[in-house]
Amino acid sequence: MIAPDRNTAICHLQELVRDSRRAVAFTGAGISTESGIPDFRSPGGLWTKNRPIEFSDFLASKEMRDEAWRRKFAMEDSFRAAKPGRGHLALAKLLHDGKLSAVITQNIDNLHQVSGVPADKVIELHGNGSYATCLDCGTRYELDWVKEQFDRAGGAAPDCTGCGGPVKSATISFGQAMPEAPMRQAEIETLAADLFIAIGSSLVVWPAAGFPVRAKRNGARLAILNREATDLDEIADLVIRDDIGDVLEVFLDE
Ligand code: NAD
Ligand code: ZN
C-alpha cells in the first residue's frame with residue numbers, strides 16, 4: 001500500500017519495525033542528500049550533469065582516468081564536509097537498539113560508519129570512496145597522496161608505485177565486477193531478515209536492486225521509503241513517498 005500521508009506512513013513503519021524480529025535497511029544516495037551529497041537520479045542530480053564513467057573506459061584510456069580523478073576531486077569537498085543526516089542517525093539508533101541487524105548500502109560516502117554503525121554492520125555493495133586502490137595489486141592509497149601526485153603531474157592520474165597498475169577510487173563503477181564478500185554478506189542478511197526497508201534508492205541499479213526482490217520472495221515484509229516512485233513499489237507492503245529525514249526522525253525519540 002502507498003501511505004496516504006506522513007502520519008499514517010510513520011505509524012505503519014513503526015508497526016512493521018515493532019513486529020519484526022530481524023530487520024535490514026538497504027540504502028541509496030537519497031539518504032545522503034540531506035548531508036549535502038547530490039544523488040544521481042533526482043532532477044538536477046549528478047546523472048543529468050555527468051554520465052558516470054564506465055569501468056572499461058577507465059581501464060582503456062589514460063584520459064578517462066585523468067577525468068575520473070578530476071571529477072572525484074571536484075566532489076571531494078562536499079564529501080569531506082558531509083555529516084550524517086537524520087536518516088543515518090535513526091538507522092544507527094535502530095541498530096544499537098537491536099532492531100536492525102545490518103545496513104546494506106549502495107553509497108560510497110562512509111556516512112553510516114560516521115553515524116555510529118559499526119563497520120562490520122555496514123555492507124558496502126559499491127565500495128567506499130574515501131580511499132583508493134591499485135586495480136592490479138590491491139595496494140591501498142590515501143586520497144591525499146593521489147591528489148598530491150595528480151596536482152604535481154598537472155592533472156594526470158597516478159599509477160601504482162609498486163606495480164604500475166591503475167589507481168582507482170575504491171568504488172565499484174558501472175561495468176565493474178561486484179565485490180564478492182559484501183555480496184555474500186548482503187545475501188545472508190537479506191535471507192535472514194523478516195523486514196527489509198529500502199531507503200533513498202531509485203532501485204534501478206542492478207544487481208543491488210535484486211536484494212529487496214529476494215527479501216520479498218523469501219517472505220520478508222518490504223517497505224520502501226523514497227521521494228519518488230520506484231520500480232519495486234508494486235511488490236512492497238508499504239510505500240512511503242516522503243522525505244527520509246522527516247519520516248525517520250521519529251525513531252530518534254523512541
Ligand atoms: P539514485 O540517485 O538512483 O536514487 C536516489 C533516490 O533517492 C531518488 O529516487 C530520489 O528521489 C530519492 N531521494 C533523494 N533525496 C531524498 C530525500 N531527502 N528523501 C527521500 N527520497 C530522496 O540513487 P541510488 O539508487 O543509490 O543509485 C545511485 C548509485 O550511485 C548508487 O549505486 C551509488 O553507488 C552511487 N551514488 C552514491 C552516492 C553516495 O554515496 N552518497 C551519491 C550518488 C551516487
Ligand atoms: Zn599495484
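Look up: the structure comes first, before these words.
About the thresholds
- Residues numbered from 1 in each chain as written.
- Chains lettered and ligands numbered in written order.
- Predicted model: local features only at pLDDT ≥ 70, side-chain atom pairs only at ≥ 80, totals over all residues.
- Heavy atoms only, no water.
- Helix = DSSP H or I, 4+ residues; strand = E, 2+ residues; numbered from the N terminus.
- Contact = heavy atoms within 4.5 Å.
- Donors = N, O, S within 2.8 Å, 3.2 Å for Na, K, Ca; no water.
- Buried < 20%, exposed > 50% of the residue type's maximum accessible area, 1.4 Å probe, protein only.
- Axes fitted to C-alpha atoms, helices over the stretch in contact; angles between N-to-C directions.
- Parallel < 35°, antiparallel > 145°, perpendicular 65-115°, else oblique.
- Left-handed = near helix turned anticlockwise from the far one by under 90°.

Enquirer: Mind laying out the environment of Leu143, listing which residues take part and the relevant values?
Expert: Residue placement: Leu143 occurs in helix 7 (residues 143-152). Once the C-alpha coordinates of Leu143 and Ser169 are considered, the two residues, 26 residues apart in sequence, prove to be 8.2 Å apart. Excluding residues within four positions of it along the chain, Leu143 makes contact with Trp69, Lys72, Phe73, Glu76, Arg80, Gly129, Ser130, Tyr131 and Ala132.

Enquirer: Could you give me a rundown of the coordination of the zinc ion (ligand 2), with the residues and numbers involved?
Expert: Donor atoms from the polypeptide that coordinate the zinc ion (ligand 2) comprise Cys134 (SG), Cys137 (SG), Cys160 (SG) and Cys163 (SG), at 2.3 to 2.4 Å from the metal. In this structure Cys163 comes out as partly exposed when scored by relative accessible area, which is 40%.

Enquirer: Please give an account of the packing of helix 8 (residues 180-192) against helix 9 (residues 210-217) that cites residues and values.
Expert: Two numbers describe how helix 8 lies on helix 9: the axes approach to 9 Å, and their chain directions differ by 30 degrees. The angle between helix 8 and helix 9 falls in the class roughly parallel. Crossing handedness for the pair helix 8 and helix 9: right-handed. Contacts between helix 8 and helix 9 involve Met183, Ala186, Glu187, Thr190 and Leu191 on the former and, on the latter, Phe211, Arg214 and Ala215.

Nothing here speaks to function; it is geometry throughout.
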